[in-house]
Amino acid sequence: GAGILSGGRILHGHEDIAGAVGWFGLDPRFAPAYAAMGCFEAEASGNSVARKARERLAQGRTSAMLGLAGSIEAVTAETVAEAARRKDPLALEVVAVAVTYLAMGVANIVSILNPEVVVLGGGLFQAADVFLDPVRSEFKRWAQPLAARSVRIEPSMLGEDAGLYGCGKLAWERIGKEK
């Protein structure tokens, strides 16, 4: 999901679901997982990175990820990121696929909203050293050129707690409206 701030206010949308970017359609080959969580979420989340790595390992592909995790079932996005830092070819392949989808999603956000900044967080961006610069480069291929030139792409300073802070802000605003 995405929190969209405009003029210092949260954009809620008609059904209070504005920012459901996980549902971006980024691949015309519809997969069953898209019906449950959306294409962007299914292709470019920490869970999807781990799942794709496990699938490739289960096919018999070799990787340092097995040594890092101990078993195929124990491979996580963090495992993939660490193996990518070590230049493991399979981990780099999985990262490259995720980066493509991440870049497309960011490009859609930039093209639609023309924001000053896009802040990326969540599990994958705990490994910003692996994902951030490639996304910053790749999104420009897909985004509206003027908007792409003027936007900053930054990692969240709140880490995986960003959603909690957002919930807190919503609660604070609601309390303020009730008075």
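Residues numbered from 1 in each chain as written. Predicted model: local features only at pLDDT ≥ 70, side-chain atom pairs only at ≥ 80, totals over all residues. Heavy atoms only, no water.

Draft legend 1. Representation of the nonpolar core. Core analysis: the largest hydrophobic core is formed by 48 residues, its most contacted members being Met65, Val80, Phe131 and Phe139. Breaking this core down by element, the ones donating at least two residues are helix H2 (39–44), helix H3 (46–58), helix H5 (77–85), helix H6 (89–113), strand S3 (117–120), helix H7 (128–142) and helix H8 (145–150). For this core, the element with the highest residue contribution is H6, accounting for 14 residues. Leaving out residues up to four positions away in the same chain, Met65 has contacts with Ala53, Leu57, Gly70, Val75, Thr79, Val80, Ala83, Asp88, Leu90 and Ala91. (Core = buried A, V, L, I, M, F, W, Y, C linked by side-chain atoms within 4.5 Å. Buried < 20%, exposed > 50% of the residue type's maximum accessible area, 1.4 Å probe, protein only. Helix = DSSP H or I, 4+ residues; strand = E, 2+ residues; numbered from the N terminus. Contact = heavy atoms within 4.5 Å.)

Draft legend 2. Structural view of the side chain of Asp27. When you line up the elements, Asp27 lands in the loop between strand S2 (9–10) and helix H1 (32–37). A distance of 2.7 Å separates the side chain of Asp27 from the side chain of Arg29, its partner in a polar contact. Among the polar contacts made by the side chain of Asp27, one reaches the side chain of Tyr101 at a distance of 2.6 Å. Non-local contacts of Asp27, meaning those with residues more than four positions away in its chain, are made with Tyr34, Cys39 and Tyr101. (Polar contact = N/O pair within 3.5 Å; in protein donor to acceptor, adjacent residues only side chain to side chain.)

Draft legend 3. Summary view of unusual backbone geometry. The backbone phi angle of Asp16 is positive, close to 65°, even though this residue is not glycine. Among the secondary structure elements, Asp16 is positioned in the loop between S2 and H1. Unusually for a residue other than glycine, Lys87 sits at a positive phi of about 65°. Turning to its location among the elements, Lys87 is positioned in the loop between H5 and H6.

Draft legend 4. Focus on the packing of aromatic side chains. The tally for this structure, following the rule as stated, stands at three aromatic pairs. Pairing Phe24 with Phe40 gives two aromatic rings, centres 6.1 Å apart and planes at 5°, and the pair type is stacked. Of this pair, Phe24 sits in the loop between S2 and H1 while Phe40 is found in helix H2, placing the two residues 16 residues apart along the sequence. Exposure class is identical for Phe24 and Phe40. Each is buried. (Phe/Tyr/Trp six-rings, centres within 6.5 Å; stacked < 30°, edge-to-face > 60°.)

Draft legend 5. Just the pattern of salt bridges, in detail. Enumeration according to the criterion identifies 13 salt bridges in this entry. Between Arg56 and Glu93 there is a salt bridge, with its nearest N and O atoms 2.8 Å apart. Taken together, the positions of Arg56 in helix H3 and Glu93 in helix H6 put the pair 37 residues apart, joining distant regions of the chain. By relative accessible area, Glu93 is classed as partly exposed at 29%. (Salt bridge = Lys/Arg side-chain N within 4 Å of Asp/Glu carboxyl O.)

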